[in-house]
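Next come the chains, spelled out residue by residue.
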Amino acid sequence: HERAMKTALGALAMGEKWGIQAELPDIYAIIGNLHKEKQNYKMALAAAEKGVQLAEENRDTVSIIYLHRVRAMFTQGMGANSRDTALIHKSLKMHLAALKLAESSPRFEKYRIGYYNNIAQVYVKRRELDKALFYVTKGIALATKYRQLLLLTYSYTWLSQIYLQQKNYAQSTAYLGEALKLARQLKNPFREMEISDYLSEGL
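Summary of the structure given here. (Residues numbered from 1 in each chain as written. Predicted model: local features only at pLDDT ≥ 70, side-chain atom pairs only at ≥ 80, totals over all residues. Heavy atoms only, no water.)

To continue, consider the nonpolar core. Counting residues in hydrophobic clusters, the biggest one holds 36 residues, and the most contacted among them are Leu99, Tyr135, Leu152 and Ile162. When residues of this core are traced back to their parent elements, those giving at least two are helix 5 (85-102), helix 6 (113-125), helix 7 (129-145), helix 8 (149-165), helix 9 (169-185) and helix 10 (189-202). A total of eight residues in this core trace back to one element, the largest contributor, which is helix 6. Counting ten residues, the second-largest nonpolar core is a separate cluster that includes Ala8, Leu24, Ile27 and Leu54. (Core = buried A, V, L, I, M, F, W, Y, C linked by side-chain atoms within 4.5 Å. Buried < 20%, exposed > 50% of the residue type's maximum accessible area, 1.4 Å probe, protein only. Helix = DSSP H or I, 4+ residues; strand = E, 2+ residues; numbered from the N terminus.)

Pasting the structure below:
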């Protein structure tokens, strides 16, 4: 993480020096994610806020959609980390509000997948399974359509948790198995670890 942060800050300095505005929102998203991995949510949210501001200044709708999701995701993580249900509910409202922009044009269809997954996650945790299933089904359809295999691992994970709460253990395990297979296909050990944790909890 230290090396990654050093590289990201170097990229930020270069982008600012040479006035490469289009790249700055994504750099702030990377910086925010690095802070999030260290559970430094205040710094993560500050970086996301800066990214949103720059994306809006650039009038880059794709970046705006992405950075709003990042900001909502950090809010959700902060709520989960501190067990603050008010923050988790706030994150859901943020996701649903920003999703409207992603759903405003067919051009942004691919960028809805992360929203569908994150919204499904919150509804799973709230045990509102019908709503969770509605959004995760949308996520699976688009992740499959656009071959977004990493995002599909998250869709399958939340679908598995819906089945787990319904006590359908066979289906829950089956979808986690599919998610794990994809993570190995992508050679993504971090996702393998996360999915394996869910498997161990469900067994």
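Let's shift gears to the pattern of salt bridges. As enumerated under the stated definition, the model contains eight salt bridges in all. Its salt-bridge partner being Glu194, residue Arg191 comes within 2.7 Å of it at the nearest N-O pair. Within this pair, Arg191 and its partner Glu194 are both found in helix 10, separated by three residues, close to a single helical turn. With a relative accessible area of 23%, Glu194 lands in the partly exposed category. Residues joined by salt bridges that share partners form a network here, namely Arg126, Glu128 and Lys131. (Salt bridge = Lys/Arg side-chain N within 4 Å of Asp/Glu carboxyl O.)

Before going further, it helps to spend a moment on the side chain of Asn117. For Asn117, the location among the structural elements is in helix 6. Taking relative accessible area as the criterion, Asn117 reaches 2% and is therefore assigned buried. A polar contact of 2.7 Å, which involves the side chain of Asn117, links it to the side chain of Ser155. Apart from residues lying up to four places away in sequence, Asn117 is in contact with Gly139, Leu151, Tyr154, Ser155 and Trp158. (Polar contact = N/O pair within 3.5 Å; in protein donor to acceptor, adjacent residues only side chain to side chain. Contact = heavy atoms within 4.5 Å.)

Within the structure shown, the criterion is met by six aromatic pairs. Taking the centre distance of 6.1 Å and the plane angle of 40 degrees together, the rings of Tyr116 and Tyr135 count as tilted. Residue Tyr116 is located in helix 6, and its partner Tyr135 is located in helix 7; the two are separated by 19 residues in the primary sequence. Like Tyr135, Tyr116 is buried. Ring centres 6.0 Å apart and planes at 20 degrees place the aromatic pair Tyr123 and Tyr135 in the stacked group. With Tyr123 in helix 6 and Tyr135 in helix 7, this residue pair connects regions lying twelve residues apart in the sequence. Accessibility classification places Tyr123 together with Tyr135 in one group, the buried group. Counting every residue linked through ring pairs, the aromatic cluster contains Tyr116, Tyr123, Phe134 and Tyr135. When the ring centre of Tyr154 is taken as origin, the NZ or CZ atom of Arg191, which lies over that ring, is 3.7 Å away. (Phe/Tyr/Trp six-rings, centres within 6.5 Å; stacked < 30°, edge-to-face > 60°. Lys NZ or Arg CZ within 6 Å of the ring centre and 35° of its normal.)

The subject of this paragraph is helix 9. Compared with an ideal rise of 1.5 Å per residue, which puts 17 residues at 24 Å, helix 9 spans 24 Å between its outermost C-alpha atoms and is within 8% of the ideal. Listed as buried for helix 9 are Ser172, Leu176, Ala179, Leu180, Leu182 and Ala183. Along the long axis of helix 9, the arc covered by the buried residues comes to 160 degrees, so they all point the same way. Exposed positions of helix 9 whose direction lies more than 90 degrees from the buried face are Ala170, Lys181, Arg184 and Gln185. Residue Lys187 follows helix 9 closely and has a positive phi angle near 55 degrees. (Expected span 1.5 Å × (residues − 1). Arc of directions from axis to C-beta.)

Our focus in this paragraph is the packing of helix 2 (residues 24-37) against helix 3 (residues 41-58). Viewed as axis vectors pointing N to C, helix 2 and helix 3 meet at an angle of 170 degrees, and their least axial separation amounts to 8 Å. Regarding the angle of helix 2 to helix 3, the classification is roughly antiparallel. Taking contact as the criterion, the partners of Leu24, Pro25, Tyr28, Ile31, Gly32, His35 and Lys36 in helix 2 are, on helix 3, Tyr41, Met43, Ala44, Ala47, Lys50, Gly51, Leu54, Ala55 and Asn58. Across the contact of helix 2 with helix 3, the residue classes break down as ten nonpolar, four polar and two charged. (Axes fitted to C-alpha atoms, helices over the stretch in contact; angles between N-to-C directions. Parallel < 35°, antiparallel > 145°, perpendicular 65-115°, else oblique. Nonpolar A, V, L, I, M, F, W, Y, C, P; charged D, E, K, R; others polar.)

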